[in-house]
Amino acid sequence: KKSNYFLKMHKYNAGATMVDSITVLDYGSSPYGPKPQMLFSENKKMVLIHEFERQTELNTISYDIENKEVLWKMTFKPSDFNVYRDIYQWVYNNKGDGFFIVGLDNRKARKDSHNYRIYNCIRGNAAPNIITVPMESRLTYDVKFTYDNLHNKLVAGGMYSEKNRGKANGCFSLHVDIYRSELQELIFIPFEQDFMTQVMEAKEDQVLKGMDNVTVKKIVLRQDGGILLVAELVKEFERRMATANRGYIGTDGSRYIVDYYNDDVFVVAIHPNGEMHWQSILHKKQYSQDDNGVFSSFFLMKTPSMLRFLFNDDIKNENTVSEYLVNGYGEFDRNSVMSTENQDIQLRFQDALQIDSGDVIVPSERRYRLRLVKLEF
């Protein structure tokens with residue numbers, strides 16, 4: 001309004017009629033419009049609004065949606081941080097406290113000093129408290145952070161490298177009591193040769209120095225304080241086209257197509273004390289071209305008794321939807337869920353939404369038409 005920017009919140013009833021409106025923040029006048037990112041708490045009662053300025057300074061606000069009040073505001077500049085080079089992630093809990101995590105020196109030449117720096121943005125503090133977690137001369141291959149609201153701990157699950165960041169040599173779990181920073185548990189578990197051979201589909205007599213093209217997709221919190229690390233084998237290849245009637249145009253003017261492979265999923269269950277509980281490999285093969293892989297991968301439904309992995313068997317207009325049911329001991333069954341034949345749908349499971357323990361809504365995109373599909377189990 002008149003070159004001023006405002007962040008507003010509207011509330012709607014079940015009939016999509018607006019029943020309330022409030023201004024959360026007045027940004028004032030600016031030559032460039034703000035581009036805030038939002039992160040909601042697990043209970044959906046709090047929202048963290050954060051934004052980088054000049055790629056170096058963070059402006060953050062924690063907002064209580066139910067009581068319509070700002071819990072805290074902080075502006076800070078993480079030291080030694082490079083947004084284009086370093087690992088970083090925001091985590092937010094049900095109390096409205098935010099945690100900005102930065103992974104520093106994650107490169108071979110500096111592996112002895114590789115560490116995670118956690119900026120604790122807590123109500124009542126004028127500036128973040130900082131907790132440092134050294135990675136004990138190991139490099140991070142991939143990692144995801146989350147918050148365990150049941151046990152009040154910041155939790156991470158990831159894969160580490162001993163020497164070469166291109167290979168994952170094992171997995172690790174991290175538990176940090178944010179409010180008592182001296183309580184930290186960092187456990188490393190190396191991958192066994194048999195396990196890596198199965199995931200990478202290598203020859204039995206081949207000695208692997210690690211796994212590549214694996215990505216941490218989910219961290220599932222267990223009731224006992226342990227975690228399940230869910231990873232997927234993902235590959236992406238670009239190739240030039242001999243003809244110029246399809247494909248993307250590269251920076252050099254040549255045309256190319258992109259092949260996407262989303263293959264096996266593996267799940268590693270880790271006890272609260274860091275010991276391995278079990279590990280399972282869920283086999284699937286997905287291949288697509290020039291679609292950013294949006295119809296590939298899987299959706300994970302969670303219930304107290306089991307996990308349900310939903311995915312497309314084949315990435316094509318008419319295919320079969322399958323599921324893996326995994327129980328608390330790592331045992332699993334594979335079932336066919338439905339067929340999309342003659343239904344004019346192509347499901348994007350990565351963008352699905354679980355609405356209760358047995359129902360999920362999956363968007364479908366086909367011929368530029370969006371549909372919503374509800375699955376009831």
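Quick caveat: nothing in here was measured; it's all calculated off a predicted structure.

Peer 1: Requested: an account of the packing of aromatic side chains, with residues and values cited.
Peer 2: With the rule as written, the count across this model stands at 23 aromatic pairs. Centre to centre, the rings of Phe76 and Phe100 are 6.3 Å apart; their planes meet at 65°, and the pair counts as edge-to-face. Highlighted residues: Phe76 in strand β6 (residues 69-76) and Phe100 in strand β8 (residues 98-104), separated in sequence by 24 residues. Relative accessible area serves as the criterion here: at 8%, Phe76 is assigned to the buried category. With centroids separated by 6.2 Å and ring planes inclined at 85°, the aromatic side chains of Phe191 and Phe266 adopt a geometry described as edge-to-face. With Phe191 in the loop between β14 (184-190) and α1 (193-200) and Phe266 in strand β18 (residues 255-270), this residue pair connects regions lying 75 residues apart in the sequence.

Peer 1: For the sheet that holds β8, give the residues involved together with the corresponding values.
Peer 2: If you trace the 4 strands from one edge of the open sheet to the other, you get β7-β8-β9-β10, paired in antiparallel fashion. Every other strand in the sheet has two partners, leaving β7 (87-92) and β10 (129-134) as the edge strands with one partner each. Neighbouring strand axes in the sheet, compared pairwise and without regard to direction, differ in orientation by 20° on average. Relative to β8, β7 runs antiparallel, the two sharing 6 bridges. When the sheet's bridge partners are listed, Tyr88 is paired in β8 with Val102.

Peer 1: Describe the pattern of salt bridges, listing the residues and the values that go with them.
Peer 2: Under the counting rule described, the total for this entry stands at 23 salt bridges. For Arg239, the salt bridge goes to Asp259, with nearest N and O atoms at 2.5 Å. Taken together, the positions of Arg239 in strand β16 (residues 227-240) and Asp259 in strand β18 put the pair 20 residues apart, joining distant regions of the chain. For Arg239, a relative accessible area of 37% gives the class partly exposed. Note on Asp259: relative accessible area 4%, which makes it buried. When the shortest N-O distance is used, the salt bridge between Arg308 and Glu323 registers 2.5 Å. One end of the pair, Arg308, is in strand β22 (residues 306-312); the other, Glu323, is in strand β23 (residues 320-327), and 15 residues separate them in sequence. Side by side, Arg308 and Glu323 carry an identical accessibility label, which is buried.

Peer 1: Give a detailed account of the side chain of Ser297, specifying residues and quantitative values.
Peer 2: Here Ser297 is to be found in the loop between β20 (286-289) and β21 (299-302). Given a relative accessible area of 3%, Ser297 falls into the buried group. Reaching out from Ser297, the side chain makes a polar contact with the side chain of Glu232 at a distance of 2.7 Å.

Peer 1: Can you break down the layout of surface pockets residue by residue, with the values?
Peer 2: The calculated volume of the largest pocket comes to roughly 2000 Å³. Lining the largest pocket are 46 residues, with Glu42, Thr146, Ile219, Val220 and Lys302 sitting closest to its centre. For the lining of the largest pocket, the per-class residue count stands at 24 nonpolar, 13 polar and 9 charged. What lines the second largest pocket is a set of 20 residues, and nearest its centre among them are Pro34, Glu51, Phe52, Glu53 and Asn59. Looking at the lining of the second largest pocket, the elements with two or more residues in it are β2 (18-29), β4 (46-53), β5 (57-64) and β6. If one sorts the elements of the lining of the second largest pocket by residue count, β4 sits on top with 5 residues.

Peer 1: Before we move on, could you go through the environment of Gly225 and cite the residues and values that matter?
Peer 2: Looking at where Gly225 falls in the secondary structure, it is placed in the loop between β15 (214-221) and β16. Classification of Gly225 by relative accessible area gives buried; the value is 7%. With 48 residues separating them along the chain, Gly225 and Asn273 place their C-alpha atoms 8.8 Å apart. Among residues more than four places away in sequence, those in contact with Gly225 are Asp148, His151, His175 and Pro272.

What counts and how
Residues numbered from 1 in each chain as written. Predicted model: local features only at pLDDT ≥ 70, side-chain atom pairs only at ≥ 80, totals over all residues. Heavy atoms only, no water. Phe/Tyr/Trp six-rings, centres within 6.5 Å; stacked < 30°, edge-to-face > 60°. Helix = DSSP H or I, 4+ residues; strand = E, 2+ residues; numbered from the N terminus. Buried < 20%, exposed > 50% of the residue type's maximum accessible area, 1.4 Å probe, protein only. Pairing = 2+ DSSP bridges. Axes fitted to C-alpha atoms, helices over the stretch in contact; angles between N-to-C directions. Salt bridge = Lys/Arg side-chain N within 4 Å of Asp/Glu carboxyl O. Polar contact = N/O pair within 3.5 Å; in protein donor to acceptor, adjacent residues only side chain to side chain. 1 Å grid on protein atoms, 1.4 Å probe; cavity = no way out; pocket = protein on both sides within 12 Å on 5 of 7 lines; lining within 4 Å. Points joined across faces, edges and corners; volume = space filled by probe spheres on them. Nonpolar A, V, L, I, M, F, W, Y, C, P; charged D, E, K, R; others polar. Contact = heavy atoms within 4.5 Å.

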